Amino acid sequence: MSGETRTAGDAAREAGCEIDQIAKSIVFRGEESESVVLFITAGGNRVDGEKASAAAGEALGRADAGFVRDKTGFAIGGVAPVGHLTPSLVFLDPKLLEFALVYAAAGTPRHIFAVAPERLTEISGARVAEFTT
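Residues numbered from 1 in each chain as written. Predicted model: local features only at pLDDT ≥ 70, side-chain atom pairs only at ≥ 80, totals over all residues. Heavy atoms only, no water.

Draft legend 1. How the structure looks around the overall build of the chain. In terms of regular secondary structure, the chain is built from 4 helices and 7 strands. Tracing the chain from N to C terminus, the helices and strands come up as α-β-β-α-β-α-β-β-β-α-β. Computed over C-alpha atoms, the radius of gyration of the chain comes to 13 Å, within 12% of the 14 Å expected from 2.2 N^0.38 for 133 residues, which places it in the range of a compact globule. Principal axes of the C-alpha set define a box for the chain whose edges measure 40 × 30 × 25 Å. Taking all 133 residues of the chain together, 48% fall into the buried category. Put simply, of all contacts in the chain between residues at least 6 apart along the chain, 61% involve residues at least 24 apart. Split by element, the accessible area of the chain, about 6400 Å² in all, is 50% carbon and sulfur. Taken as two groups, the 13 positive and 18 negative side-chain charges of the chain have centres that lie 5 Å from each other. (Helix = DSSP H or I, 4+ residues; strand = E, 2+ residues; numbered from the N terminus. Rg over C-alpha atoms; globule rule 2.2 N^0.38 Å. Buried < 20%, exposed > 50% of the residue type's maximum accessible area, 1.4 Å probe, protein only. Contact = heavy atoms within 4.5 Å. Areas by Shrake-Rupley, 256 points an atom, 1.4 Å probe, with all protein chains shown as cover. Lys, Arg positive; Asp, Glu negative; His and termini not counted. Charge placed at Lys NZ, Arg CZ, Asp CG, Glu CD.)

In C-alpha cells form, the structure reads like this:
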C-alpha cells in the first residue's frame, strides 16, 4: 500500500473498504501455558478479556512486543493471521463472516492481503467464537 496499514482505520482507508472488513490480529499470552492465543477480529470490534479467556480455556495476559515478535515472527502493527513461527490457538470474530472479502495484515505495516473470511478461517485453523465487546 502507498500508506501505512498499521491500524484498522489506516488499513480500511488504504483498501477502500469498511473498517469491519479489516481482520485485526490481536495476540494474547496464555497465563498458564505461555502459549500464543490469536484473536482475528473485525476492525471496529474490541476483544473482551473475559470472553477471550473463556474461549481460550485459560486466563490470558498482555503479549508485549517482544513476545509477539518471538512467537509469531511479526512486529505489532503487521501481525499476519497465518505463518506464525509458533503454532497458535486461533479464534475468529463471526462479524468477519458477514463479508465476501476481508483484508488482513501481511507481515509489515504497509502490506495487507484480501481473502474470503471462510478461507481465512480455514488457513488459520481458527474457531469461530464470540469474544468481542
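This is not the end of the story, as more comes after the structure.
Draft legend 2. View of the nonpolar core. Grouped together as the largest cluster of nonpolar side chains are 21 residues, with contacts concentrated most on Ala-23, Val-27, Ile-40, Leu-92, Leu-96, Val-102 and Leu-120. Where this core is concerned, the elements lending two or more residues are β1 (22–30), β2 (36–42), α3 (65–72), β4 (89–92) and β5 (102–105). Ranked by residue count, the leading element in this core is β2, at 4 residues. Excluding residues that lie within four positions of it along the chain, Val-27 makes contacts with Val-36, Val-37, Leu-38, Ala-63, Phe-67, Val-68, Thr-72 and Val-79. Within the second largest apolar cluster, 10 residues are counted, among which are Val-37, Ala-56, Leu-60 and Ala-129. (Core = buried A, V, L, I, M, F, W, Y, C linked by side-chain atoms within 4.5 Å.)

Draft legend 3. Looking closely at helix α1 (residues 8–15). Residues of α1 that are buried: Ala-8, Asp-10, Ala-11 and Ala-12. Looking at the buried side of α1, the elements it contacts are β1 and β6 (112–115). Of the residues flanking the end of α1, it is Gly-16, one or two places downstream, whose phi is positive at about 70 degrees.

Draft legend 4. Examining the environment of Phe-74 more closely. Structurally, the position occupied by Phe-74 is in the loop between α3 and β4. Assessed through its relative accessible area of 16%, Phe-74 is described here as buried. Counting along the chain gives 59 residues from Phe-74 to Thr-133, while the straight-line C-alpha distance between them is 26 Å. With residues up to four places along the chain from it excluded, the contact list for Phe-74 reads Val-68, Arg-69, Val-79, Ala-80, Val-82, Gly-83, His-84 and Gly-107.

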